Structure formats: structure tokens, C-alpha cells
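Residue strings, one per chain:
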Amino acid sequence: MNNILLKVKILICILFFIFAHSPAYSQAKLPCIKAESTILIDAETLTVLYEKNADKKLYPASITKILTCYLGIKYGGNINQKITVSRKAAYSITPGSSTIALKPGEIFPYLDVLYGLMLRSANECGNVIAEHVSGSNRAFAELMNETVKKWGLKNTHFVNPHGLHNKDHYTSARDMAIIAFHAMKNPLFRKIVRTRKHPFPDTNKHRAKERGVMYNKNKMLHKGNAFYYEPCIGIKAGYTRHSLHTFVAAARKSNHTLIAVVMRAPDKELMYKNLISLLEYGFKQYENKTII
């Protein structure tokens, strides 16, 4: 019965897609997206509701960390263990890039490394996870690429766990939507990416009160700013001068979850506006119904 219901839902999604992309309908209803590449999918059926250059290979920046976090949870063992930060992990990041200032020899709870990665986009946290899971960034990148290959992704190749620029580190909007689809199946991942703030722990190098609180950089989660979007349940933003602004967002209304990806948006304000209009389009124009 469950298989039959899923097939019916997929059929409804396909019929919606055909209708929504007919000329008379699309000219009046489709959102205007200024980013170079984008996609909107239903998070249950993987049905594409909107796309623009969705298979174009682009630099992802920190949305890379979605896969890093997912693999860090899946293969990292006990999340309550403590990890010793290596000198290489702490210092082999681009000066001035996102960080929570982990120190060599600092003993840091693994769960808090995951929060630092996703809330503050800390690049050294990506290094810590890679070393913990696979022994090195290179070996972890092999795990990343094996994973996306297993998922059937053809326009993605990763060389590091954080997304700092490398010409051989690329993905597409469609592939990132599928990566997010798999990651959001994990309960801990979902909890982390929708968390607005998380306290720093006491460590052998810093007292918690010295560092305060990790606030999520995702403005869609925070009330009181222009880009707050109540249905948002995560996930991750990114930026480098090569990638420009990238974002993968998930939102849920009435038991219906959508995933939107925007890549190479020219500025942050436009990126958030594009995401919200894209998600609103999906919720207004599409319903996921069970028909018996």
C-alpha cells in the first residue's frame, strides 16, 4: 500500500510539473530568479518543481559542509566523544575565512564541532571532522566522492571538506538538492541545521564564557530581520569571491517539505529574496496529497 501511495504522489507531482511549465501558466506564475543556477524540489518525491541551469557545474563554497556534516554524523562514531584538534586542522584554512578559532591541542566535544561547522560555517571544523573520520582531508574527499557517486550524481567533485576555493571542487544545484535530500533524512542533522544558537563548551584552551554562543548564520531562522522565513527548517549558506552567494534551504508547511538551491547569486539580499520567492511559489502552486 505504501508503494502505491508513493507512486500516486509521484504521478501528481509529474502532472503538476507539466502543468506548471506550460507557457500560459509559467509566464504568469513562475518566480524571477536572478541567480545563475537554481532548483526547487519536493523533499519526499524528489520531483522538480522549478529549475534554471540546474546541471551547470559551479563552485559551492560552504554548502559543501552539508555533505561533510552528514558523513561526520554517519561515520564519526559517538557524538559525545571529545576530539583533539591537530595543528594542521586548526591552521590550514584561508586567513580571514569563517572560523570559531579552534587551537592546536584543544580538546573539543565532537557534537560541538558539528554545530560549529553548520552554524558558524567554521572551516577548521571541517578539517577536524575529515581527520577524525578518514585520517586526512584527501581521504575524506574520496569518501565524499564515493558517496555522491553512489547517489548517482554526475556533476559533483569535492577535494576538501569545507568548500574553500579549488578549481576541481564543484557541484550543481541539482546535485546539491539531492545531497540535502539525503542529509535531511538524518534526525541529528535536521536538529543541528535548524538550531538558532548553541553554546560553546568549556575546553582545555578556553572557558565557555570567553566565546559565548554560536549563532546560526542563516538569517531565515532569526526573527527580527528582513529575511526571517517562519517555515524555514535549515540548511546552509556559502560564499567565496569565486562562487558568489550560494544557499541550500529547506522549508516545511502543512506536512509538506521543499528544498531550494540557489547558486552564484550576485548579492546576499537578492539571494534571500530569491529563496523565499522560490519556496513560496512551491507552497502556493503545489500540494502533496494522498489519494486512495
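On a predicted model such as this, the values are computed, not experimentally measured, just so you know.

J.: What exactly am I supposed to notice about the packing of aromatic side chains here?
T.: The description of an aromatic ring pair rests on the distance of the ring centres and on the angle between the ring planes. All chains considered together, the criterion is met by 4 aromatic pairs. With 6.3 Å between their ring centres and 75° between their planes, Tyr-50 and Tyr-281 make a pair best called edge-to-face. Highlighted residues: Tyr-50 in strand β2 (residues 48-52) and Tyr-281 in helix α11 (residues 268-285), separated in sequence by 231 residues. Assigned by exposure class, Tyr-50 and Tyr-281 land together as buried.

J.: When you look at unusual backbone geometry in this model, what are you seeing that I'm missing?
T.: Excluding glycine, residues mostly have negative phi values, and the peptide bonds linking residues are mostly trans. Of note in this structure, Ser-254 is not a glycine but carries a positive phi near 50°. Given the relative accessible area of 75%, Ser-254 is considered exposed. Despite not being glycine, Arg-264 shows a phi value in the positive range, around 60°. Within the secondary structure, Arg-264 is located in strand β9 (residues 256-265). Overall, Arg-264 belongs to the partly exposed group, its relative accessible area being 28%.

J.: Which parts of the structure should I look at to understand the pairing of β9?
T.: Counting buried positions along β9 yields 9 of 10 residues, so the element is predominantly enclosed. With 8 bridges connecting them, strand β8 (residues 244-253) and β9 associate as antiparallel partners. Note on β9: the bridge partner recorded for His-245 is Ala-265.

J.: Explain the sheet that holds strand β7 (residues 232-240) to me, please; I cannot follow it from the model alone.
T.: Pairing between the strands of a sheet comes from backbone hydrogen bonds, and it takes one of two forms, parallel or antiparallel. Reading across the sheet, the 5 strands line up as β2-β1-β9-β8-β7 and stay open at both edges, with antiparallel pairing between neighbours. Edge positions in the sheet fall to β2 and β7, since each of these pairs with one other strand and no more. For this sheet, the mean angle separating the axes of adjacent strands, direction not counted, is 5°. Of the strands in this sheet, β1 (37-42), β2, β7, β8 and β9 are in contact with helix α8 (residues 173-183), which crosses β9 at around 140°. Contacting β1, β2, β8 and β9, α11 crosses the sheet at an angle of about 30° to β8.

J.: Help me out: how do you make sense of the pattern of salt bridges in this one?
T.: Two side chains that carry opposite charge are able to pair once their charged atoms sit near each other. Going through the model one piece at a time under the given rule, you end up with 10 salt bridges. A salt bridge links Asp-202 to Arg-207, with the shortest nitrogen-to-oxygen separation between them at 3.8 Å. Residue classification places Asp-202 among the partly exposed positions, given a relative accessible area of 41%. Among the salt bridges present, the one from Glu-269 reaches Lys-273, with a minimum N-O distance of 3.0 Å. Of this pair, Glu-269 and Lys-273 both sit in helix α11, 4 residues apart, which is roughly one turn of the helix. Classification of Lys-273 by relative accessible area gives partly exposed; the value is 46%. Salt bridges linked by common partners bring Glu-36, Lys-56 and Arg-264 together as one network.

J.: For this particular structure, what's the right way to read the side chain of Ser-97?
T.: Residue placement: Ser-97 occurs in the loop between α4 (87-91) and β4 (107-109). Classification of Ser-97 by relative accessible area gives buried; the value is 17%. A distance of 2.6 Å separates the side chain of Ser-97 from the backbone oxygen of Thr-94, its partner in a polar contact. In this view, Ser-97 contacts Asn-123 and Leu-164; residues no more than four positions away in its chain are not counted.

J.: Sorry if this is basic, but what is going on with the environment of Ser-86 here?
T.: For Ser-86, the location among the structural elements is in the loop between β3 (82-84) and α4. With 41 residues separating them in the primary sequence, Ser-86 and Asn-127 have C-alpha atoms 9.1 Å apart. If we skip the residues at most four places from it in the chain, Ser-86 touches Pro-104 and Glu-131.

Reading the values: rules and limits
Residues numbered from 1 in each chain as written. Predicted model: local features only at pLDDT ≥ 70, side-chain atom pairs only at ≥ 80, totals over all residues. Heavy atoms only, no water. Phe/Tyr/Trp six-rings, centres within 6.5 Å; stacked < 30°, edge-to-face > 60°. Helix = DSSP H or I, 4+ residues; strand = E, 2+ residues; numbered from the N terminus. Buried < 20%, exposed > 50% of the residue type's maximum accessible area, 1.4 Å probe, protein only. Pairing = 2+ DSSP bridges. Axes fitted to C-alpha atoms, helices over the stretch in contact; angles between N-to-C directions. Contact = heavy atoms within 4.5 Å. Salt bridge = Lys/Arg side-chain N within 4 Å of Asp/Glu carboxyl O. Polar contact = N/O pair within 3.5 Å; in protein donor to acceptor, adjacent residues only side chain to side chain.

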